[in-house]
Amino acid sequence: QVQLVESGGGEVQPGGSLKLSCVASTSIFPIYVMGWYRQAPGKQRELVANITNNYRTTYAESVVGRFTISKDNTKNTMYLQMNSLQPEDTGAYYCKADYGPLVAMRGNSEFWGRGTQVTVSS
């Protein structure tokens, strides 16, 4: 099964930027959807952005215009460029890979990284 490792988190001031990376241990070409999720303390995990195997993207309303999701299949890596960061963006950011329903029929199709912390504070 694929291993996902996030990196790039850190502490920044409001208005700052960070770029997160999620490196997969296998090719990401077969992955149906990859996404970034975040979880703030005491809150549920929420979708930040996702990107499909054909590069269609979806964003949470709260990050539209500020965050950009992308991937590079040749590097087995997904990215999240985060600009104009706000305190509300603080949380643990997780990488998710979903191989889709055909794989789900045969077993588990969803895999998660262990997260990288993003803290936005003054």
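Up top is the structure.
Everything quoted here is computed from the prediction, not taken from an experiment.

Asker: Can you walk me through the pairing of strand S9 (residues 91-98) in this structure?
Answerer: Within S9, eight of the eight residues are buried, which leaves it mostly tucked inside the rest of the structure. When strand S4 (residues 33-39) meets S9, the two strands line up antiparallel, connected through seven bridges. From the neighbouring strand, Gly35 faces S9, where its bridge partner is Lys96. Alignment of S9 against strand S10 (residues 110-112), held across three bridges, turns out to be antiparallel. Pairing of Lys96 across the sheet is with Trp112, part of S10.

Asker: Can you help me understand the pattern of salt bridges in this one?
Answerer: Opposite charge on two side chains permits them to pair, given that their charged atoms come into close proximity. As enumerated under the stated definition, the model contains four salt bridges in all. Residue Glu46 is joined to Arg38 by a salt bridge in which the shortest nitrogen-to-oxygen separation is 2.8 Å. Its salt-bridge partner being Arg38, residue Asp89 comes within 2.8 Å of it at the nearest N-O pair. Of this pair, Asp89 sits in the loop between strand S8 (77-82) and S9 while Arg38 sits in strand S4, placing them 51 residues apart in sequence. Like Asp89, the residue Arg38 is buried in the burial classification.

Asker: How should the side chain of Ser21 be read in this particular structure?
Answerer: Here Ser21 lies in strand S3 (residues 18-24). For Ser21, a relative accessible area of 16% translates into the label buried. In this structure Ser21 touches Val5, Glu6, Ser7, Trp36, Thr77, Met78 and Tyr79, once residues within four positions along its chain are discounted.

Asker: Explain the packing of aromatic side chains here, please?
Answerer: Centre-to-centre distance and the angle between the planes together describe a pair of aromatic rings. Enumeration over the complete set of coordinates arrives at two aromatic pairs. For the ring pair Tyr37 and Trp112, a centre distance of 4.9 Å and an interplane angle of 65° mean the geometry is edge-to-face. One end of the pair, Tyr37, is in strand S4; the other, Trp112, is in strand S10, with 75 residues separating them in the sequence. Residue Tyr37 is classed as buried on the basis of its relative accessible area of 17%. Measuring from centroid to centroid gives 5.8 Å for Tyr99 and Phe111, while their planes differ by 90°, and the two rings are edge-to-face. One end of the pair, Tyr99, is in the loop between S9 and helix H1 (101-104); the other, Phe111, is in strand S10, with twelve residues separating them in the sequence. Given the relative accessible area of 19%, Tyr99 is considered buried. Residue Phe111 is classed as buried on the basis of its relative accessible area, which comes to 12%. We note Lys19 situated over the ring of Tyr79; from NZ or CZ to the ring centre the distance is 4.7 Å.

Reading the values: rules and limits
Residues numbered from 1 in each chain as written. Predicted model: local features only at pLDDT ≥ 70, side-chain atom pairs only at ≥ 80, totals over all residues. Heavy atoms only, no water. Buried < 20%, exposed > 50% of the residue type's maximum accessible area, 1.4 Å probe, protein only. Helix = DSSP H or I, 4+ residues; strand = E, 2+ residues; numbered from the N terminus. Pairing = 2+ DSSP bridges. Salt bridge = Lys/Arg side-chain N within 4 Å of Asp/Glu carboxyl O. Contact = heavy atoms within 4.5 Å. Phe/Tyr/Trp six-rings, centres within 6.5 Å; stacked < 30°, edge-to-face > 60°. Lys NZ or Arg CZ within 6 Å of the ring centre and 35° of its normal.

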